[in-house]
Amino acid sequence: METTTVKRLLVTPPMAETWLLKNTNNRPLNERLVQEYVFQMKSNKWRLGTDAIGFDNRGRLINGQHRLTAIARSGKAQEMLVANNMLPEAFNIIDIGKSRSAGDLLSVNDITDSNAKAAISRKIMSFKRGSISNSINTKKTDGGFTNEEVLAFALKNDDKLSEA
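These numbers were taken from a predicted model, which means no experiment stands behind them. (Residues numbered from 1 in each chain as written. Predicted model: local features only at pLDDT ≥ 70, side-chain atom pairs only at ≥ 80, totals over all residues. Heavy atoms only, no water.)

(A) Region of the structure containing the overall build of the chain. Helix and strand counts for the chain come out as 6 helices and 4 strands. Listed N to C, the secondary structure of the chain is β-α-α-β-β-α-β-α-α-α in terms of helices and strands. The principal-axis extents of the C-alpha atoms in the chain amount to approximately 60 × 30 × 25 Å. Of the contacts formed within the chain by residues at least 6 apart in sequence, a portion of 75% connects residues at least 24 apart. Carbon and sulfur atoms provide 52% of the accessible area of the chain, an area that totals close to 9800 Å². The distance from the centre of the 24 positive side-chain charges to the centre of the 18 negative ones in the chain is 4 Å. (Helix = DSSP H or I, 4+ residues; strand = E, 2+ residues; numbered from the N terminus. Contact = heavy atoms within 4.5 Å. Areas by Shrake-Rupley, 256 points an atom, 1.4 Å probe, with all protein chains shown as cover. Lys, Arg positive; Asp, Glu negative; His and termini not counted. Charge placed at Lys NZ, Arg CZ, Asp CG, Glu CD.)

This is how it looks when you write it as structure tokens:
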């Protein structure tokens, strides 16, 4: 059996389109998530993380369909970790953990009442931009704000957020 390899690669839109042809048995595509990723990529907010694009030892895509779709649609190449020769059973344990929220990021940075301040920060940021959403989404983005942007806003305005 071959060893799993992980490499850091610049994934281009044509590469992403080719790799998506190997997406033969995966969950349905979440269009909202893809659009969030496309927005981040087009506005240069996308960041390389530890989650790899994954292919099993038969060459099938088992992780990364949303990111690859976003690369193809955005027309912008992105750096990604790419894992090859994974066991097919790895699919069963991918994406089963809790997503890191903006509130989690604020908490790790010693901001008290982190979830409330993350929600307030998103609302203020949306208001300043002229678009307020009725829902508070602390998982990925709310109105195009990344968790990283919410953290920066909260760090800069923690005293005012405490008053709020």
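Picking up after the structure, the text goes on.
(B) Quick peek at the confidence of the model for the chain. When the pLDDT values of the chain are averaged, the result is 89; 91% of them are 70 or greater. Considering only residues more than four positions removed or in separate chains, one finds that residues 135-142, a stretch of pLDDT under 50, has 30 contacts. (pLDDT = per-residue confidence, 0-100.)

(C) Region of interest: the sheet that holds strand 4 (residues 78-86). Taking strand neighbours across the sheet as the criterion, the 4 strands line up as 1-4-2-3 in an open arrangement whose pairing is mixed. In this open sheet, the two strands that pair with only one neighbour each are strand 1 (5-11) and strand 3 (61-63). Adjacent strand axes in the sheet meet at a mean angle of 30° when their direction is disregarded. As judged from the 3 bridges shared by strand 2 (residues 53-56) and strand 4, these two strands associate in the parallel manner. Its bridge partner being in strand 4, Gly54 is matched across the sheet by Ala83. Seen against the sheet, helix 3 (residues 65-74) touches strand 1, strand 2, strand 3 and strand 4 and runs at an angle of roughly 105° to strand 3. (Pairing = 2+ DSSP bridges. Axes fitted to C-alpha atoms, helices over the stretch in contact; angles between N-to-C directions.)

(D) Quick peek at the pairing of strand 2. Every second residue of strand 2 is oriented toward a common face, with Ile53 and Phe55 on one face and Gly54 and Asp56 on the other, all of them buried. Note that strand 2 and strand 3 share 2 bridges and pair antiparallel. In the sheet register, Gly54 faces strand 3, and the bridge partner there is Asn63. (Buried < 20%, exposed > 50% of the residue type's maximum accessible area, 1.4 Å probe, protein only.)

(E) Up close: the nonpolar core. Counting residues in each nonpolar core, the largest one holds 18 residues, and the members touching the most others are Val11, Trp19, Ile53, Leu68, Met80 and Val82. Elements with a contribution of two residues or more to this core: helix 1 (13-20), helix 2 (31-42), strand 2, helix 3 and strand 4. By residue number, the principal contributor to this core is helix 2, which donates 5 residues. Non-local contacts of Ile53, meaning those with residues more than four positions away in its chain, are made with Trp19, Leu61, Asn63, Gly64, Arg67, Leu68, Met80, Leu81, Val82 and Ala83. Counting residues in hydrophobic clusters, the runner-up holds 11 residues, among them Ala102, Leu106, Ala154 and Leu161. (Core = buried A, V, L, I, M, F, W, Y, C linked by side-chain atoms within 4.5 Å.)

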